[in-house]
Amino acid sequence: MQALLKDKSATYLKEGDLAPDFSGIDQNGKVLNLAEFKGKRLALYFYPKDDTSGCTEEACNLRDNYDILKANDIEIIGVSSDDENSHQKFINKYNLPFRLIADTDKSIINTYGVWGKKTVFGKSFDGILRTTFIIDRKGRIEKILPKVDTVNHAEQILHSLMVSKLSSN
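Residues numbered from 1 in each chain as written. Predicted model: local features only at pLDDT ≥ 70, side-chain atom pairs only at ≥ 80, totals over all residues. Heavy atoms only, no water.

**Focus on the sheet that holds strand 5 (residues 74-80)**
Argument step 1. Strand order in this open sheet of 7 strands is 3-2-6-5-4-9-10, and the pairing throughout is mixed. If you trace the sheet from one side to the other, it starts and ends with strand 3 (31-33) and strand 10 (141-145), each paired once. Across the sheet, the mean angle separating the axes of adjacent strands is 30 degrees when strand polarity is ignored.
Argument step 2. Bridge analysis of strand 2 (residues 23-26) against strand 3 gives 3 bridges, and the strand direction is antiparallel. Note that in strand 3 the partner of Ile-25 across the bridge is Val-31.
Argument step 3. Most of the contacts of helix 3 (residues 84-94) go to strand 6 (residues 99-102), to which it runs at about 160 degrees, and overall it touches strand 2, strand 5 and strand 6. (Pairing = 2+ DSSP bridges. Helix = DSSP H or I, 4+ residues; strand = E, 2+ residues; numbered from the N terminus. Axes fitted to C-alpha atoms, helices over the stretch in contact; angles between N-to-C directions. Contact = heavy atoms within 4.5 Å.)

**Structural notes on the nonpolar core**
Argument step 1. If you look at the biggest cluster of nonpolar residues, it comprises 22 residues, and the most contacted ones within it are Tyr-45, Leu-62, Ile-76, Leu-96, Phe-98, Leu-100 and Ile-157.
Argument step 2. Counting only elements with at least two residues in this core, the list comes to strand 4 (41-46), helix 1 (53-64), helix 2 (66-71), strand 5, helix 3 and helix 5 (153-168).
Argument step 3. Here the element with the most residues in this core is helix 1; it accounts for 4 residues.
Argument step 4. Setting aside residues no more than four positions away along its own chain, Tyr-45 makes contact with Glu-58, Ala-59, Leu-62, Ile-76, Ile-77, Gly-78, Val-79, Phe-98, Leu-100, Thr-131, Thr-132 and His-153.
Argument step 5. Listed in part, the 21 residues of the second largest apolar core include Ala-19, Phe-37, Leu-42 and Ile-141. (Core = buried A, V, L, I, M, F, W, Y, C linked by side-chain atoms within 4.5 Å. Buried < 20%, exposed > 50% of the residue type's maximum accessible area, 1.4 Å probe, protein only.)

**Remarks on the confidence of the model for the protein**
Argument step 1. Residues of the protein with pLDDT of at least 70 account for 90%, and the chain-wide mean is 90.
Argument step 2. Taken together, the stretch residues 1-9 has pLDDT below 50 and engages in 18 contacts with residues farther than four places along the chain or on a different chain. (pLDDT = per-residue confidence, 0-100.)

This is the structure:
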């Protein structure tokens, strides 16, 4: 079920901006923050809900391509408003090799500007706008992917970085 967004670029953040700091609890109750990724490239992906069709496709695509992403020095962190228990079940069910942040108060979601109006099957509601932020080794937003292809998300991440690298040469 793919949501049609009224504003496909709802986030106020732009490529080149310093990534907003965040701190959240992962599926194991451990604190996770942006500072842990200094010197690494991070794909911070926001998704609506654990164990739903599109979110499962996206997470499994990232899982299936995890070794390729890691070989390209890309860390993966998922964020949704589901709680730790939901994340733990989702990770166990699909054998996900990356951490998920339980942003139940939506503080990170709001900081990154990915909460907004969505329309699914003609019904409008507020929710998480599926978006991925690629944060470079210095903590700047290198790429924003507001139109995530759930089935090919890892490829989309790698392609966007390859295009970015080519255009900067």
